[in-house]
Amino acid sequence: MREDCFSRAAKGTVAGVAFGSVAGALGAAWEAPATSDKKGFSVARVKSAELPRRFQIMGNYAARMAALGLTYSVGDCVAETIRDTEDPINSALGGALAGALIGLQRKRLDYAAGTALACGTCCLVISMNGGKISHERKPRVLRVSREEAAAFLTNEMEKKSE
C-alpha cells in the first residue's frame, strides 16, 4: 500500500487548486473585457469592476479542479482499500469517479456516464504506461562478447579486401 488516503487526498486537492488557478488565470485573461454593464455604465466604471470578476473566474476554475483532484484521489484510494491491491484498475475507478463529477455538472446522467468512461479509460491507459502520457522507446543494445566482435570485424575486413 502507498501512503495514507488523507495525504493522497490532500495532495490531489492541492494539485487541483494549483492547476485550476493557472487554468483560471489563462481563462480570465482570454475573456474579452466588457465595454459596458447591464445598466449601461461607462467603460471606465466597468473596468474597475473587472478585477474581482477575474478573481472569481480563477476561483471557479480552482474549486472545480480541486474537487476533481480530491474525487480522483479518494476514488483511487478507496478502490485500493476495498480491492486490497495496487494496480491500474484503481486508477481507472478514481478517474471514472472524477469523470462522473464532470458530467454531473450538466445534471445529465448520459453526460456523466460518457465522461466517466472517457476519464476512466484515460487514467487506466496512463497508469498502465507507468504514469507517463507518452511512451519512450528504449534503444536496443546488442550485447556481444569480445571474441564475437573480433570475429565479426575480421570477417568484415576480409570482405572489404576482396
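Would you mind going over the state of the cysteines in detail, with residue names and values included?
Scanning the model with the defined rule gives one disulfide in all. A sulfur-sulfur separation of 1.6 Å characterises the disulfide bridge that pairs Cys5 with Cys77. Handedness of the Cys5-Cys77 disulfide follows from its S-S torsion of about -75°: it is left-handed. A residue pair is termed long-range when its members are at least 10 positions apart, and Cys5 in helix α1 (residues 5-30) and Cys77 in helix α3 (residues 50-83) qualify at 72 residues.

Tell me about the pattern of salt bridges, and name the residues and values.
Enumeration according to the criterion identifies six salt bridges in this entry. In this structure, Arg8 engages Glu80 in a salt bridge whose closest nitrogen and oxygen atoms are separated by 3.4 Å. Taken together, the positions of Arg8 in helix α1 and Glu80 in helix α3 put the pair 72 residues apart, joining distant regions of the chain. Overall, Arg8 belongs to the buried group, its relative accessible area being 9%. Overall, the relative accessible area of 1% leaves Glu80 in the buried class. For Glu156, the salt bridge goes to Lys159, with nearest N and O atoms at 3.9 Å. Of this pair, Glu156 and Lys159 are both found in helix α6 (residues 146-161), three residues apart, which corresponds to roughly one turn of the helix.

An account of the environment of Glu86 is needed here, citing residue identities and associated values.
Here Glu86 shows up in the loop between α3 and α4 (88-104). In this structure the C-alpha to C-alpha distance between Glu86 and Asp76, which are 10 residues apart in sequence, comes to 9.4 Å.

Please provide a residue-by-residue account of the packing of α4 against helix α5 (residues 109-128), values included.
If you want to describe how two helices pack, look at the angle between their axes and the distance between the axes. Contact geometry for α4 and α5: axes closest at 6 Å, N-to-C directions at 150°. As far as their axial angle goes, α5 and α4 are roughly antiparallel. When the axes of α4 and α5 are compared, the crossing they make is right-handed. Together, Pro88, Ile89, Ser91, Ala92, Gly95, Ala96, Gly99, Ala100, Ile102, Gly103 and Leu104 of α4 and Leu109, Tyr111, Ala112, Thr115, Ala116, Cys119, Gly120, Cys123, Leu124, Ser127 and Met128 of α5 make up the contact between the two elements. When the residues that make up the contact of α4 with α5 are grouped by side-chain class, the tally is 15 nonpolar, seven polar and no charged.

Report on the side chain of Ser73, specifying residues and quantitative values.
Mapped onto the secondary structure, Ser73 falls in helix α3. Judged by its relative accessible area of 8%, Ser73 falls in the buried class. In terms of polar contacts, Ser73 uses its side chain to reach the backbone carbonyl oxygen of Gly69, at 2.9 Å. When near neighbours in sequence (up to four residues on either side) are disregarded, Ser73 contacts Arg8, Ala9 and Gly12.

I'd like a rundown of a nonpolar patch on the surface, residues and numbers included.
Where nonpolar side chains cluster on the molecular surface, the patch consists of Leu70, Val74, Val78 and Ile82 and spans about 340 Å² of accessible area. By the secondary structure assignment, Leu70 is in helix α3.

The rules we used
Residues numbered from 1 in each chain as written. Predicted model: local features only at pLDDT ≥ 70, side-chain atom pairs only at ≥ 80, totals over all residues. Heavy atoms only, no water. Disulfide = S-S within 2.5 Å. Helix = DSSP H or I, 4+ residues; strand = E, 2+ residues; numbered from the N terminus. Salt bridge = Lys/Arg side-chain N within 4 Å of Asp/Glu carboxyl O. Buried < 20%, exposed > 50% of the residue type's maximum accessible area, 1.4 Å probe, protein only. Axes fitted to C-alpha atoms, helices over the stretch in contact; angles between N-to-C directions. Parallel < 35°, antiparallel > 145°, perpendicular 65-115°, else oblique. Left-handed = near helix turned anticlockwise from the far one by under 90°. Contact = heavy atoms within 4.5 Å. Nonpolar A, V, L, I, M, F, W, Y, C, P; charged D, E, K, R; others polar. Polar contact = N/O pair within 3.5 Å; in protein donor to acceptor, adjacent residues only side chain to side chain. Patch = residues over 30% accessible without salt bridge, like charges linked within 9 Å, V, L, I, M, F, W, Y side chains within 5 Å. Areas by Shrake-Rupley, 256 points an atom, 1.4 Å probe, with all protein chains shown as cover.

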